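The lines below spell out each chain.
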There are 2 protein chains.
Amino acid sequence: MELYSNYTQYLVAVDCIVFGYDIIEKELKLLLIKRSFEPMKGSWSLAGGFVEEMESLDDAASRILRTLTGLERIYLKQSFTYGEKERDPGARVISTAYCALIALRDINKEPAVNSEAHWRSIAGLPDLIFDHSLMVNKALSDLQNQIKAKPVGFELLPEKFTLVQMQELYAAIYQKQIDKRNFRKKILSMGILEKLDEKERETSKKGAYYYKFNKERYEKLEQNGFYFNLDVS
Amino acid sequence: MELYSNYTQYLVAVDCIVFGYDIIEKELKLLLIKRSFEPMKGSWSLAGGFVEEMESLDDAASRILRTLTGLERIYLKQSFTYGEKERDPGARVISTAYCALIALRDINKEPAVNSEAHWRSIAGLPDLIFDHSLMVNKALSDLQNQIKAKPVGFELLPEKFTLVQMQELYAAIYQKQIDKRNFRKKILSMGILEKLDEKERETSKKGAYYYKFNKERYEKLEQNGFYFNLDVS
């Protein structure tokens, strides 16, 4: 029995917007690949691929990310689905974009990217194929909103970080300066950071204490109606 | 030339979560249809359909909504794409859910729904086919978040409304009571409502002034970094 047999079928792809934060260079980066097939072979592209029969959309996004970076358990969320008729000159392809967040310079989970993949600063991205720039702009704008209202920024930092490093992350995502006193006051007042007994001493003689995000504490607060609020943009 | 010809194609559908607010019954409602074909013929379903060759995803959602309600220019936004392998027992179908908001009891744009469509209160929804309950829950939870941070609630109200009516809308969406004084203070302090010279006199002898959402003023404020904030949940 063939149900729905009168309807047209389409290719379905996923494209991954992989943001990586480089705590040393203080830059938000995007993982791009040189496209290895036609159309637009040789151009810059997001990492993507077609959905296989045995995969859900989520599975396909995880596979692409794993193949490209070697990483298994990283933050990966559906962003938006792009379904304009002629978005891909090769054929009609409906593509669901996913957004991944990776802390670069994190020894425990340094991504081992394929040779065709490159990290590029979001401050100077090259032209991308099809509607991939649209996908990046939407994901970045969503990320800018999300880091105000959810503790997703911690996905881009190593396990321990200084308050200055966290502020630099927010400045890199908003691509503008952030007032230090206001930022410290706001993040500390939420009571979701744990101060460690250890200092970061590479960037100043005096040193700066490391902090850790206390996820259990955050989840307990959230259950009691607490809202994460770090609007410093 | 057939590019990408080695890859499997799939059916692609859109499903519409159409919320309507009934200002008289003070209830948020959902538009459901009795499914007229197999599988699961006769069960309750969201309004949906397959994407046709000449349509984008957005076009398909607009078409379904127009066919079902006769309405053209209503709030309609992509919600989320559902791509689990066996979500539809009829065939593999990837479905993008859209969320629409309609003010019921609005004389200027009263929806003329098809005979197979029914408005059901979200307080007592029947079982829905496939993953449609998941779709509704996600869209409702997103709406609950959005009405805090964006002026989308006005899409569910007629052009003029009293503060009590607006508060009742928020209570219906959150499905809980809301403190009147706090609500009035917050909404008025934003300065985006325009008080009219006209009173609603049906619900009380004294009457209550009508207000209008001043969209131009809101947009100007937003450009200057103002944030809509009506967190009364």
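For the structure itself, look to the data block above.
Since the model is a prediction, treat every value here as computed from it, not as a measurement.

Cut-offs used in this document
Residues numbered from 1 in each chain as written. Chains lettered and ligands numbered in written order. Predicted model: local features only at pLDDT ≥ 70, side-chain atom pairs only at ≥ 80, totals over all residues. Heavy atoms only, no water. Polar contact = N/O pair within 3.5 Å; in protein donor to acceptor, adjacent residues only side chain to side chain. Helix = DSSP H or I, 4+ residues; strand = E, 2+ residues; numbered from the N terminus. Least-squares fit on C-alpha atoms with pLDDT ≥ 70 in both. Contact = heavy atoms within 4.5 Å. Pairing = 2+ DSSP bridges. Buried < 20%, exposed > 50% of the residue type's maximum accessible area, 1.4 Å probe, protein only. Phe/Tyr/Trp six-rings, centres within 6.5 Å; stacked < 30°, edge-to-face > 60°. Lys NZ or Arg CZ within 6 Å of the ring centre and 35° of its normal. Expected span 1.5 Å × (residues − 1). Axes fitted to C-alpha atoms, helices over the stretch in contact; angles between N-to-C directions. Left-handed = near helix turned anticlockwise from the far one by under 90°. Nonpolar A, V, L, I, M, F, W, Y, C, P; charged D, E, K, R; others polar. Buried area = accessible area lost by both parts, 1.4 Å probe. Salt bridge = Lys/Arg side-chain N within 4 Å of Asp/Glu carboxyl O.

A. Region of the structure containing helix α4 (residues 180-189) of chain B. Of the residues that open α4(B), the one with a side-chain oxygen 3.0 Å from the backbone nitrogen of B:N182 is B:D179. Count one or two residues on from α4(B) and you reach B:G191, which has phi positive near 70 degrees.

B. Structural detail: the relation of the copies chain B and chain A. The two copies are related by a screw operation: chain B maps onto chain A through 180 degrees of rotation and 0.0 Å of translation along the axis, at an RMSD of 0.0 Å. A rotation of that kind, with that shift, is consistent with a two-fold axis. Of the residues that chain B buries at the interface, 100% are likewise interface residues in chain A, meaning the two copies contact each other through the same surface.

C. Broad picture of the sheet that holds strand β8 (residues 160-161) of chain B. Residues and elements named next belong to chain B. Read across the sheet, three strands follow the order β8-β10-β9 without closing on themselves; strand pairing throughout is antiparallel. Two strands lie at the open edges of the sheet, namely β8 and β9 (193-200), each paired on one side alone. Where β9 lies against strand β10 (residues 208-213), five bridges are found, and the strand directions are antiparallel. Pairing of K195 across the sheet is with Y211, part of β10.

D. Main features of unusual backbone geometry. All names here are of chain A. With an omega dihedral of -5 degrees, the bond running from E38 to P39 counts as a cis peptide bond. With respect to the secondary-structure elements, P39 resides in the loop between β2 (27-34) and β3 (44-45). Phi at K26 takes a positive value of approximately 55 degrees, unusual for a residue other than glycine. Tracing the sequence through the fold places K26 in the loop between β1 (9-22) and β2. Taking the relative accessible area as the measure of exposure, K26 reaches 43% and is therefore partly exposed.

E. Main features of the packing of aromatic side chains. For the coordinates displayed, the defined rule picks out 20 aromatic pairs over all chains. Here the aromatic cluster, defined as three or more aromatic residues joined through ring pairs, consists of A:F154, A:F161, A:F213, A:Y218, A:F226 and A:F228. A cation over an aromatic ring shows up here: A:R120 above the ring of A:W44, its NZ or CZ 5.4 Å from the ring centre. Over the face of the ring belonging to B:Y75 we find B:K77, whose NZ or CZ atom lies 4.8 Å from the ring centre.

F. Spotlight on the environment of B:Y218. Residue and element names in this part refer to chain B. Checked against the element boundaries, Y218 lands in helix α5 (residues 215-223). Residue Y218 is classed as buried on the basis of its relative accessible area, which comes to 6%. Considered as a pair, Y218 and R184 are 34 residues apart in the sequence and their alpha carbons are 17 Å apart. Setting aside anything within four residues of it in sequence, one finds Y218 in contact with P151, I192, F213, F226 and F228.

G. Highlighting helix α2 (residues 132-149) of chain A. Residue and element names in this part refer to chain A. When the terminal C-alpha atoms of α2 are compared, their 26 Å separation across 18 residues agrees well with the 26 Å that a helix rising 1.5 Å per residue should span. When we look at burial in α2, the residues that qualify are H132, M135, V136, A139, L140, L143, I147 and K148. On its buried face, α2 sits against β1, β2, β3, β5 (75-82), β6 (93-103) and α3 (163-174).

H. Examining the packing of α2(A) against α3(A) more closely. Residues and elements named next belong to chain A. In contact at an axis separation of 10 Å, α2 and α3 are set at 145 degrees when each is read in the N-to-C sense. For the pair α2 and α3, the sense of crossing is left-handed. On the side of α2, the interface is formed by L140, L143, Q144, I147 and K148, while α3 contributes Y170, I173 and Y174. For the contact of α2 with α3, a count of residues per class yields six nonpolar, one polar and one charged.

I. Structural view of the interface of chain B and chain A. The interface of chain B with chain A comprises 39 residues on the first partner and 39 residues on the second. Across the chain B/chain A interface, buried area totals approximately 3300 Å², and carbon plus sulfur atoms make up 57% of it. Our enumeration of links across chain B and chain A arrives at zero salt bridges. Put simply, chain B and chain A have 26 residue pairs in polar contact (both at pLDDT 80 or more) between them. When contributions to the side of chain B that touches chain A are tallied by element, the ones reaching two or more residues are β1 (9-22), β5 (75-82) and β6 (93-103) of chain B. Relative to β1(B), β1(A) runs antiparallel, the two being bridged by three bridges.

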